[in-house]
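# Structure at a glance
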Amino acid sequence: MQKINKNVVLALLSLTSLVFLLFQLYYYKFYLSQKVGLFRTAEKMGFQWLKIINKDPRLDGMDDLSGIEIPLHYIFKLASHAIHLVVFYERSGNYLWHGPLRLKQHMDKKFVPFRKLHFGRYPGAYEKPELLLVSIDDLKVQIPKNPSSFLEEMSHSRFLECRYREARAFFQLYPDDASLGAVEFRKKAKSLLHLAALTLNKLGVKFWLSSGTCLGWFRQCNVIPHSKDVDLGIFIRDYKTDIIPAFQKAGLPLKHKFGKVEDSLELSFQGDDDVKLDIFFFYEEDDHIWNGGTQAKSGKKFKYLFPKFTLCWTEFVELRVHVPCETLQYIEANYGPDWKVPVKTWDWKSSPSNVQYNGIWPIDEWDDVIQIY
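Model, not experiment: these values are computed from the prediction.

## Observations concerning helix α6 (residues 180–203)
Look at α6: 35 Å from first C-alpha to last across 24 residues, which is about the 34 Å you get at 1.5 Å a residue. Of the positions making up α6, those classed as buried are A182, F185, R186, A189, L192, L193, A196, A197, T199, L200 and L203. Contacts from the buried residues of α6 go to β11 (208–209), α7 (211–220), β12 (229–235), α8 (243–249) and β15 (276–284). Two residues or fewer past α6, G204 is found with a positive phi of approximately 75°.

Have a look at this one:
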């Protein structure tokens, strides 16, 4: 067993001027349920402790929003010191999740300086880390094998749940399409999204749900059956020349390539049958972000403007993926204030609320910026 200096570990785990330790516990039923004596022992040692619980989001769905309550955080206090216990749970997308540090009305808000407990303030999602057993002053504990990677994840771990309550209200107004065609499309779209995520993750390219796929997640917690494609967004700064060959190697031939890295790049890959994968590259300006579109027959260019946004994790079709944290603003920019109303007839050149005409590609560039396969 590796022996390490306790000060190194404490330096990694101390996140505020308040001295506290951070423990990550997952498999709650296996661990905490067997460790009831932990709390009794803590009380005998003079600790006071506080349990923060909330509904289990893993049990939420279109048919049941009740969700049993589960422990999310424990805080142990002794004099001016605190131990913050954050409970991690495994979710169906093969990742770890923790809930928010959110006090209920009846709780003592002066129990500890909660504002100094930065970790876990918002829900978070993490890759499942490989754990390393180490000894600190003869005390055996587990820490992430790669602490720097785990700590780096913390800064962009924020997680958004699918809005099942709003989705259920949506389907009460607009009954879901349960036809065989819709079921088959959703199955193929899910498979295509999983393959796209696997391919881009291997390349280390960050992406998010965009356009109709993002709308489906936000509005109805599912793929929109009449959309006929899967839409992803990537910042142009994350573009890699390996993207096209990687998708081709994964069995997705390139359908078209419009634009260029410097301007309005978009890629489309052919999935099973008529289901395609569209990847839009986004360009950052001082006060907005945009992606481009190209009409092949005329060479006309279009630009779609979005307010600046950051990325959060979510779970969609049993996959951990990114979405814009400012999802409502993102959706409203693209689909306008009536985004809740389904629209089956959509013209990408005129229907979006944020579309602007952006000129015409010079004819001598058409061979490079308009490639159809």
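We are not done yet, so read on.
## With respect to the side chain of D56
In this fold, D56 is placed in the loop between β3 (48–55) and β4 (69–78). In terms of polar contacts, D56 uses its side chain to reach the side chain of R58, at 2.8 Å.

## Some thoughts on the packing of aromatic side chains
Evaluation of the coordinates by the stated rule reveals 28 aromatic pairs. Seen from their ring centres, F282 and F309 are 6.4 Å apart, and the 85° between their planes marks the pair as edge-to-face. Here F282 is found in strand β15, whereas its partner F309 is found in the loop between β17 (300–306) and β18 (311–315), with 27 residues between them in sequence. Exposure remark for F309: the relative accessible area of 8% places this residue in the buried category. In this structure an aromatic cluster arises from ring pairing among W208, F235, F282, F306, F309 and Y330. The ring of Y122 is capped by R158, whose NZ or CZ atom sits 3.8 Å from the centre of that ring. Note that R237 overlies the ring of F235, its terminal NZ or CZ placed 4.3 Å from the centroid.

## Considering the state of the cysteines
Evaluation of the coordinates by the stated rule reveals 2 disulfides. Put simply, C162 and C221 are joined by a disulfide, and their sulfur atoms are 1.8 Å apart. One disulfide, between C162 and C221, carries an S-S torsion of -135° and so falls in the left-handed class. Of this pair, C162 sits in the loop between α4 (147–154) and α5 (164–173) while C221 sits in the loop between α7 and β12, and the two are 59 residues apart along the sequence. Take C162 and C221: they sit in the same class, and that class is buried. Covalent S-S linkage joins C312 and C325, the inter-sulfur distance amounting to 2.1 Å. Handedness here is read from the sign of the S-S torsion; for C312 and C325, about 110°, the answer is right-handed.

Reading the values: the criteria
Residues numbered from 1 in each chain as written. Predicted model: local features only at pLDDT ≥ 70, side-chain atom pairs only at ≥ 80, totals over all residues. Heavy atoms only, no water. Helix = DSSP H or I, 4+ residues; strand = E, 2+ residues; numbered from the N terminus. Expected span 1.5 Å × (residues − 1). Buried < 20%, exposed > 50% of the residue type's maximum accessible area, 1.4 Å probe, protein only. Contact = heavy atoms within 4.5 Å. Polar contact = N/O pair within 3.5 Å; in protein donor to acceptor, adjacent residues only side chain to side chain. Phe/Tyr/Trp six-rings, centres within 6.5 Å; stacked < 30°, edge-to-face > 60°. Lys NZ or Arg CZ within 6 Å of the ring centre and 35° of its normal. Disulfide = S-S within 2.5 Å.

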